[in-house]
Every structure is written in structure tokens, then in C-alpha cells.
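The lines below spell out each chain.
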Amino acid sequence: QKVLLVGNNYDIISQIAYNFSVLLYPMQWVHTFIPIMSQKMMKYLDSFLPFFNGMHISLYELASGIFENINENIFIFDFNKHNFEMNTFPNLSSKNIIKKINELIPQFPKNTLNNLTFGLGVVKAYLDKSKNSNTKNNSNNNTEENMGINIKIKQVFIQAFIEVLYDYKTYLSLINEKPIFNTKAMLEKKPKADYKFYKELTETQLFQVFIQNNPVNKNANTFFEEQLEIYENLKDKKEFKEEFINN
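Source: prediction; values computed, not measured.

A.B. asks: Can you tell me about the packing of aromatic side chains, naming the residues and giving the values?
C.D. replies: The geometry of two aromatic rings is summed up by the distance between their centres and the angle between their planes. According to the stated counting rule, one finds 17 aromatic pairs in the structure shown. Measuring from centroid to centroid gives 6.4 Å for Phe210 and Phe224, while their planes differ by 90°, and the two rings are edge-to-face. One end of the pair, Phe210, is in helix α8 (residues 205-212); the other, Phe224, is in helix α9 (residues 223-233), and 14 residues separate them in sequence. A connected cluster of aromatic rings, assembled from ring pairs, spans Tyr25, Tyr168, Tyr171, Phe181, Phe207, Phe210 and Phe224.

Shown next as C-alpha cells:
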């Protein structure tokens, strides 16, 4: 997909962009990634490749002129206004844009989506409580506390990817020293309601790079592989969600 961040603060734009790339772990964004676009970079908005770019609001009028000649969807998030826009549906409200996004992009499997929503809700409650506490004490959030919140958000998304990818090695084999993923076999095992999500996921370059970068080694010593093993060995998957978020 093509995503554009718009705002009036260069630091916040770049922080959101880089945090996005971090939240994709264990996958990685392999397409165009420009945290802060300059005027000379406007041509990349008309690229046929996916992108995740950031832009200062001062350039948005120029970008809008380019959007008029682009037929592909570009998802635009203006964090100053806290709303979503799409170049192909310029008159839709932010609420209807979100509905349109849900129509165009398959959502996580229901259970994973519920856990993701729950986890982010826990983080938001923690953040609200922290803000209220700091307001009463007339103090600002310190660096350590902000880092703790960022870690909790990362944990929520890692958990989601663990639930989505927990059995990927079942369909992964090594042929002539090259990892081969049996997409057909995996799709046949997934619930019908999740078929579209997994089909589109396996077609992305992000997933293909993830497979190429993961050797067929059940003893791979990485954080993600360790968490997969913990998840697989739990009889009650809810226990994993509660422990992962609370820690």
C-alpha cells in the first residue's frame, strides 16, 4: 500500500515513520521509505511501488496537485487534524475513510484483532493514568517512562504477529538450500473467514523477504522464534496474551 504522513512537526513525523518500521517486526519494510520528503522528492508520490513517506504540511498543497493525476489509493494521515484521507475519495469523512480502508485491506484474523485491540487499550489506559499522575505532580514524563510505553506498544504488535505466524515453519522446507513456503497447504488449513487475510499476506514482498531471511531451523535463537516456541507450548493461549502484556 501507499501511506503518507502529514504534519507540522518534523520530529514527530520522523518518529511516527520509524516507529511504523519497528512495529512490523519480525518483518521489515522493503519498499520506498522516506520519513521526511523534500520538494524534489515529490515525484516519488507517483511511483508504482508501495511507499511509506512523511511530509511537512507546507508541501501538502503541492502534493494534492499530484494526487489529482494518480488513480491508485494513497492513504493519508494528518496527525495535526487527527484524521484520515484518501486521494481517490477526497470528499469522504475520516470515519468513512476508515470503513473504506477496512473494505480494501483485509483485517487481522478476528481473535488476533481482538487481542491487538485489547493490548492497545491496556497501553492507552496506562498512558492516560501516567498523564494524569504527571499533571497532578506538575511534572513531565521522563525518558524512561516513555521508553516503557514504547516497549509495551511493540509487545502488543509482536504478540499479533506471533498469533498470525505461529505455525509458519510447518509449511516451510529447504530445497537446494533455498527456503520454499507451501502457501497452498497453509491456506487450506486456515479458517475460511481468514483466507483473504492470509492470501494477501503471503503475496506481499514483506512476507516473502521474511521467509527468505528465516532459515529452516527450529532452534533458531532469536527473540521472535523463542516467543513462537512459548506460544506453541501453551495450552491456554489467553495466558500468553495476559503474561505478554502485563510484563
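A.B. asks: Can you break down the environment of Asn114 residue by residue, with the values?
C.D. replies: The topology assignment puts Asn114 in helix α4 (residues 110-136). Owing to a relative accessible area of 42%, Asn114 belongs among the partly exposed residues under this scheme. C-alpha of Asn114 to C-alpha of Ala160: the two residues are 46 residues apart in sequence and 9.7 Å apart in space.

A.B. asks: Mind laying out helix α7 (residues 195-203), listing which residues take part and the relevant values?
C.D. replies: Helical geometry note: an α-helix holds 3.6 residues per turn, so side chains three or four residues apart project in the same direction. Looking only at α7, the buried set comprises Phe197, Tyr198, Leu201 and Thr202. Angular distribution of buried residues about the axis of α7 spans 120°; they occupy a single face of the element.

A.B. asks: I'd love a proper account of the pattern of salt bridges, names of residues and values included.
C.D. replies: Summed over all chains, the structure comprises 5 salt bridges. Between Asp167 and Lys190 there is a salt bridge; the shortest N-O distance is 3.1 Å. Here the residue Asp167 occupies a position in the loop between α5 (143-165) and β6 (172-175), and Lys190 occupies one in the loop between α6 (183-189) and α7, the gap between them amounting to 23 residues. For the pair Asp167 and Lys190, one class covers both residues: buried.

A.B. asks: Can you explain the side chain of Lys2? Please cite residues and give values.
C.D. replies: The topology assignment puts Lys2 in strand β1 (residues 2-7). Within the structure, Lys2 has its side chain in polar contact with the side chain of Glu72 (distance 2.8 Å). When sequence neighbours within four positions are dropped, the list of residues in contact with Lys2 reads Ser47, Phe48, Leu49, Pro50, Phe51, Glu72, Asn73, Ile74 and Phe75.

A.B. asks: Explain the pairing of strand β5 (residues 83-86) residue by residue, including any values.
C.D. replies: Relative to β5, strand β4 (residues 75-78) runs antiparallel, the two sharing 4 bridges. Across the sheet, Ile76 pairs through a bridge with Glu85, a residue of β5. Between the end of β4 and the start of β5, which pair antiparallel, lie 4 residues, with His82 showing a positive phi angle near 55°.

A.B. asks: Run through the sheet that holds strand β3 (residues 51-56), naming residues and quoting values.
C.D. replies: A sheet is described by the order of its strands in space; here 5 strands give the open sequence β2-β3-β1-β4-β5, paired in mixed fashion. Of all the strands in the sheet, the pair left with one neighbour each is β2 (32-34) and β5. Sheet twist, expressed as the mean angle between neighbouring strand axes with direction ignored, is 20°. Relative to β3, β2 is paired through 3 bridges, and the arrangement is parallel. Considered in β3, the bridge of Phe33 is made with Phe52. Against the sheet, helix α2 (residues 60-67) makes contact with β1, β3, β4 and β5, and its axis sits at roughly 140° relative to β3, the strand it touches most. Strands β4 and β5 of the sheet are contacted by helix α3 (residues 94-104), whose axis makes an angle of about 60° with β5.

Parameters and conventions
- Each chain carries its own residue numbering, running from 1 in the written order of its sequence.
- Two thresholds apply to this predicted model, a pLDDT of at least 70 for residue-level local features and 80 or more for giving and counting side-chain atom pairs, whereas whole-chain, interface and lining totals are computed over all residues.
- The basis for every side-chain value is the complete set of non-hydrogen atoms in the structure, without hydrogens or water.
- Geometry of aromatic contacts follows a simple scheme: Phe, Tyr and Trp rings, the Trp one being its six-membered ring, pair when their centres are within 6.5 Å, and the pair is stacked under 30 degrees between planes, edge-to-face over 60, tilted otherwise.
- Elements are defined by DSSP. Helices are runs of H or I of four residues or more, strands are runs of E of two residues or more, and each kind is numbered from the N terminus.
- Whether a residue is buried, partly exposed or exposed follows from its accessible area with a 1.4 Å probe, protein chains only, as a fraction of its type maximum: under 20%, in between, or over 50%, in that order.
- Summarising the geometry, the arc corresponds to the directions from the helix axis toward the C-beta atoms.
- For this document, the term salt bridge refers to a Lys or Arg side-chain nitrogen within 4 Å of an Asp or Glu carboxyl oxygen.
- N or O atoms closer than or at 3.5 Å make up a polar contact, with two conditions inside protein: a donor-capable atom paired with an acceptor-capable one, and, for residues adjacent in sequence, both atoms drawn from side chains.
- Working rule for contacts: check all heavy atoms of both residues, and any pair within 4.5 Å makes them a contact.
- For two strands to be treated as a pair, DSSP must find at least two bridges joining them.
- A fitted line through C-alpha atoms serves as each axis, taken over the contacting stretch for helices, and the angle formed by two N-to-C directions is quoted from 0 to 180°.

In short, geometric facts, not functional conclusions.
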